[in-house]
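Residues per chain are reported as follows:
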2 protein chains.
Amino acid sequence: MKKLIMLYLVSTFGAAVCMARDKVESPVVNADNTVTFNLYMPDADEVVIRGSFIPSKQYLKTEIGTLGKSGKVEMKKEGDVWTYTSATLPSELYTYYFEVDDERMLDPANPDVVRDIADSLSYFVVRNGLADDYITRDVPHGTLRKVWYPSALNGMNRRRMSVYLPNDYDSAPDRRYPVLYLLHGSGGDEDAWEGCGRVVQILDNMIAGNQCVPMIVVMPNGNAELAAAPGSDPRNPDRKPSAMNTGSMLGNIEAVFMKEVVNYVDENFRTIADKAHRAIAGLSLGGLHTLFISLNNPAKFDYVGLFSAQTTNALDDKRISSLQKIGEAWNELKSSIPFIGRGSVDRKISSLTSENLNIYDDVDNKLKSQFSTPPKLYYIAVGEDDFVKKLNDDFRMRLDNGGYKYHYNETSGGHTWENWRKYLVDFLPRIFLLD
Amino acid sequence: MKKLIMLYLVSTFGAAVCMARDKVESPVVNADNTVTFNLYMPDADEVVIRGSFIPSKQYLKTEIGTLGKSGKVEMKKEGDVWTYTSATLPSELYTYYFEVDDERMLDPANPDVVRDIADSLSYFVVRNGLADDYITRDVPHGTLRKVWYPSALNGMNRRRMSVYLPNDYDSAPDRRYPVLYLLHGSGGDEDAWEGCGRVVQILDNMIAGNQCVPMIVVMPNGNAELAAAPGSDPRNPDRKPSAMNTGSMLGNIEAVFMKEVVNYVDENFRTIADKAHRAIAGLSLGGLHTLFISLNNPAKFDYVGLFSAQTTNALDDKRISSLQKIGEAWNELKSSIPFIGRGSVDRKISSLTSENLNIYDDVDNKLKSQFSTPPKLYYIAVGEDDFVKKLNDDFRMRLDNGGYKYHYNETSGGHTWENWRKYLVDFLPRIFLLD
């Protein structure tokens, strides 16, 4: 029967192995944690690599912080292959792409691709450090479920959420669990924390290491215009994701969150359905959702996490003018400061507006109410270069003025998934502590 | 509060909207079902589009069938944009990519990407026909679970499977369901039928349309060398997927299938755990698995589906010589007939060999046993241009000689996801019929 094996060696599947991209290996994480990229591209005039590991001097300093941070470097041609070796890189999950004569492409030799909003990005992991939380290790694994729940939001029948269940959920049928609601940012969807956020790996690894308690993590879709990730909205299957979906991200999901999302989860999963066992956290515009969902439901969440939150709406309208200035500056800069993975191929601004924008009103009185029986943890994290840094400073000043306690984690870096993963890893051990 | 909306229009997320790829829209399905592709690429010398919708004359006719079928066409430069408009296309899900000066790239304006083995491919859907089964429609949706189950295979602790549960699984807690085990081909994994196979959409739509009965669909990983899809094998997180994993695809999963996979599913999901409510089907090498799992467990499956199955092992060893000839021909052809989505960036042949290759022995006696109480449906489907067509002809002759009944579905086309989706849609209404 050994001949059987030979049969398949010559099978048709070998057909594509002769393609040019197979002439090189890329990326190669070297023993010293430098990383070598190779691209077989004999006819190109210029090849650039853009990656989250390349520091950039292309900033836009504004009065509310630094707006752009990404980097590029030219690759060198050696024969038919363009190559670049990085400096020694700290442990991290890095995203990158090539620009061949000014047009972007994935690394054709790297099958690892992650989507961030409308962009697919090549990625790799440098291990033996913090990124060990981001890879699948040989520990008990939880289950990820893609669940559709009933919803009347925006005239839909149903919307999709991702639900992480810890590894003993099925084997311990009498056990009930606390719940973390984890929200994406503008342009994101119910797949965002699974993809760039590595939430399944992080929870598996931290639960296995007793760094956090076993919990359910619910990742809904907070964009009222789309029922689910791109291509899965039944009313609009070809709609491309866009970061510019402002109208549909403001005042909609927040208004129905308890009624549609939390109630569904409490009814359909073995949760502990009280304030002490319910946390909510979100990044960027999902941080804004987190702020206002917890603010408008002060008896419901004992743990609140604002990760690089767009706390704009907690501020005064006079800020509008400075934001408008930034908008003008962006128009001038155009493509010189691309955000890796924050692209948009659909610039249509949502015409959807919420009937519920009053949820943003009356912040001071609501904060007073929320902190009259304060949450056990009110967590704020932001990067020193983040364009929302100043907004967070102002929001913290408002909390300080009210005498409201919070935990503050200021990191280096900006508005990036690197930071949001770190904030999650920092946040998880602080929630659902044993009484 | 209307000003709130303005705030976000100028947010940093707009940064990347200025990139070149945003200057064009692509692909555009026109009203007449022609499709226009656009690529902004001012400096390229030649841009080619390769797509599953482009017929090819690049065949390799051999004594056992046609091996290669894919197509390419040159795009035309209009100003800075390369463009191509297809002929009117029948309803289908199509994959494609560009070749810019001989190197492949995804369509940067299209966020819809699907992975097939080691390749990421751009895709689009032409609706109003058979592909309406492949899109998310506004019907009740099932849940997809990514589940790790205990396994001793190849010294692992656990392996991952994808499990589709029909929409009423959670709301009808006393209901039990039949199970379809659906197997991937060489190079595939537990994500293959979800991705290229569109199994979630197909099941949702066909159950909603009463075209098939509600069922559980279990999609395990049949490659003994990898515990899960690329990047998720804890022992080998950087291992790249490869179609050339022959050793690890032969004789391993088949030997433990009942003990590890079926028992786990019967214990952890509300199945009807008998032959009449258990089906198994697989494509290509998964068709071989299907053939031999059902053959070695004749009392366990009442529905058996071979989709473009590699029925090689049911044949005589003399076939080896002709397969070797084809291998030599492939080496000559090299990259002239790339299979879309069948690429491999890791040509290492698995050193893993099974202790259980004897499961392939004694086919005639086992067939006699299996058909002594015949399965209710033995289904064979293959394309007329498929390189396994002749193998299937020979296997059917063997069945005919034994007087064993089967249903045969011969289609146009070759060894393609287009056919495998069609076979699934054709197979589902035939299984678990009411008695």
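Scroll up to find the structure this text is about.
Scope of this entry: the structure provided in the associated data block. Predicted, not measured: the structure shown is a model, and the values here were computed from it. (Residues numbered from 1 in each chain as written. Chains lettered and ligands numbered in written order. Predicted model: local features only at pLDDT ≥ 70, side-chain atom pairs only at ≥ 80, totals over all residues. Heavy atoms only, no water.)

Topic: the overall build of chain A
Helix and strand counts for chain A come out as 10 helices and 20 strands. Buried residues in chain A amount to 67% of all 435 residues. Taking the contacts inside chain A whose residues are at least 6 apart along the sequence as the reference set, 76% of them involve residues at least 24 apart. Counting only carbon and sulfur atoms, one obtains 47% of the accessible surface of chain A, whose full area is about 15200 Å². (Helix = DSSP H or I, 4+ residues; strand = E, 2+ residues; numbered from the N terminus. Buried < 20%, exposed > 50% of the residue type's maximum accessible area, 1.4 Å probe, protein only. Contact = heavy atoms within 4.5 Å. Areas by Shrake-Rupley, 256 points an atom, 1.4 Å probe, with all protein chains shown as cover.)

Considerations on a negative patch on the surface
Taken together, the side chains of A:Asp43, A:Asp45, A:Glu46, A:Glu74, A:Asp80, A:Asp102, B:Asp43, B:Asp45, B:Glu46, B:Glu74, B:Asp80 and B:Asp102 present a region of like negative charge at the surface. Here A:Glu46 shows up in the loop between strand S2 (35–40) and strand S3 (47–51). A relative accessible area of 32% places A:Glu46 in the partly exposed class. (Patch = residues over 30% accessible without salt bridge, like charges linked within 9 Å, V, L, I, M, F, W, Y side chains within 5 Å. Salt bridge = Lys/Arg side-chain N within 4 Å of Asp/Glu carboxyl O. Lys, Arg positive; Asp, Glu negative; His and termini not counted. Charge placed at Lys NZ, Arg CZ, Asp CG, Glu CD.)

A word on unusual backbone geometry
Most peptide bonds take the trans form, and the phi angle of most residues other than glycine is negative. Cis geometry is adopted by the peptide bond preceding A:Pro27, which originates at A:Ser26 and carries an omega value of -10°. Within the fold, A:Pro27 resides in the loop between helix H1 (3–9) and strand S1 (28–29). Phi is positive for A:Ser284, which is not a glycine, with a value near 55°. With respect to the secondary-structure elements, A:Ser284 resides in the loop between strand S17 (278–283) and helix H6 (285–296). Positive phi, close to 55°, is recorded for B:Asn210, a residue that is not glycine. Tracing the backbone shows B:Asn210 in the loop between helix H3 (199–208) and strand S16 (216–220). B:Asn210 gets classed as exposed once you look at its relative accessible area, which sits at 69%.

Here we look at the sheet that holds strand S8 (residues 81–85) of chain A
Strand order in the open sheet made by the 4 strands is S1-S2-S8-S7 (chain A), with antiparallel pairing throughout. Looking along the sheet, the strands with just one partner apiece sit at the ends: S1 and strand S7 (76–78) of chain A. (Pairing = 2+ DSSP bridges.)

A short note on the environment of A:Asn221
All names here are of chain A. Secondary-structure assignment places Asn221 in the loop between strand S16 (216–220) and helix H4 (246–249). Among the residues examined, Asn221 registers a relative accessible area of 1% and is labelled buried. Taking the C-alpha atoms as reference, Asn221 lies 9.9 Å from Met249; in sequence the two are 28 residues apart. Residues in contact with Asn221, not counting those within four places in the same chain, are Arg159, Arg160, His184, Asp189, Glu190, Leu226, Ala227, Ala228, Ala229 and Ile253. Of note is the side chain of Asn221, whose polar atom sits 2.9 Å from the backbone nitrogen of Asn223. (Polar contact = N/O pair within 3.5 Å; in protein donor to acceptor, adjacent residues only side chain to side chain.)

Concerning the packing of aromatic side chains
Counted under the stated rule, the structure contains 46 aromatic pairs over all chains. Their ring planes at 65° and their centres at 5.8 Å tell us that B:Phe53 and B:Phe124 sit as a pair that is edge-to-face. Highlighted residues: B:Phe53 in the loop between strand S3 (47–51) and strand S4 (61–62) and B:Phe124 in strand S12 (residues 119–126), separated in sequence by 71 residues. Judged by relative accessible area, B:Phe124 falls into the buried class, the value being 5%. Ring pairs connect the aromatic residues A:Phe37, A:Phe53, A:Tyr84, A:Tyr94, A:Tyr96, A:Phe98 and A:Phe124, which therefore count as one cluster. Here the basic side chain of A:Arg270 rests over the ring of A:Tyr169, its NZ or CZ set 4.1 Å away from the ring centre. (Phe/Tyr/Trp six-rings, centres within 6.5 Å; stacked < 30°, edge-to-face > 60°. Lys NZ or Arg CZ within 6 Å of the ring centre and 35° of its normal.)

A short note on the sheet that holds strand S1 (residues 28–29) of chain B
All names here are of chain B. What the 4 strands build is an open sheet, ordered S1-S2-S8-S7; its pairing is antiparallel. Edge strands, defined here as strands with exactly one partner in the open sheet, are S1 and strand S7 (76–78). Sheet analysis places S7 next to strand S8 (residues 81–85), joined by 3 bridges and oriented antiparallel. Across the sheet, residue Lys76 finds its bridge partner in S8, namely Thr83.

What about the pairing of strand S13 (residues 143–150) of chain A?
A regular strand places its side chains so that they alternate between the two faces of the sheet. Within S13(A), 7 of the 8 residues are buried, which leaves the element mostly enclosed by the surrounding structure. As defined by bridge partners, S13(A) adjoins strand S14 (residues 158–165) of chain A across 8 bridges and the pair is classed as antiparallel. Of the residues in S14(A), the one forming a bridge with A:Pro150 is A:Arg158. Pairing geometry for S13(A) and strand S13 (residues 143–150) of chain B, over 3 bridges, is antiparallel. From the neighbouring strand, A:Leu144 faces S13(B), where its bridge partner is B:Lys146.

Brief notes about the side chain of A:Arg270
One can find A:Arg270 in the loop between helix H5 (253–268) and S17. One buried charged side chain, A:Arg270, makes no salt bridge at all; its nearest oppositely charged neighbour is A:Asp170, positioned 5.6 Å away.

Here we look at the pattern of salt bridges
Applying the stated criterion to the full structure yields 42 salt bridges over all chains. With its nearest N and O atoms 3.1 Å apart, the salt bridge here joins B:Arg278 to B:Asp266. Of this pair, B:Arg278 sits in strand S17 (residues 278–283) while B:Asp266 sits in helix H5 (residues 253–268), and the two are 12 residues apart along the sequence. Across this residue pair, the class does not change: B:Arg278 and B:Asp266 are buried. What emerges from the salt-bridge pattern is a single network uniting A:Arg115, A:Lys146, A:Asp189, A:Asp191 and A:Glu194.

A word on the pairing of S17(A)
The buried fraction of S17(A) is high, at 6 of 6 residues. Handedness of the crossover joining S17(A) and strand S18 (residues 303–307) of chain A through H6(A) is recorded here as right-handed. (Right-handed = clockwise from strand over helix to strand, strands pointing away.)

Some thoughts on H3(B)
Residues and elements named next belong to chain B. Most of H3 is tucked away: 9 of the 10 residues are buried. When we look at burial in H3, the residues that qualify are Val199, Val200, Gln201, Ile202, Leu203, Asp204, Asn205, Met206 and Ile207. Taken together, the buried residues of H3 touch S13, strand S14 (158–165), strand S15 (179–183), helix H2 (192–195), S16 and helix H10 (417–427). Directly beyond the C-terminal end of H3, a positive phi value near 55° is found at Asn210.

Describing the environment of A:Asp32
All names here are of chain A. Relative to the assigned elements, Asp32 resides in the loop between S1 and S2. Relative accessible area serves as the criterion here: at 47%, Asp32 is assigned to the partly exposed category. When the C-alpha positions of Asp32 and Leu89 are compared, they lie 8.7 Å apart, and in sequence the two are 57 residues distant.

Side note on the environment of A:Asp394
Relative to the helices and strands, A:Asp394 is located in helix H9 (residues 389–402). In this structure, the C-alpha to C-alpha distance between A:Asp394 and A:Thr311, residues 83 residues apart in sequence, is 8.7 Å.

It is worth stressing that arrangement in space is one thing and function is another; only the former is reported here.
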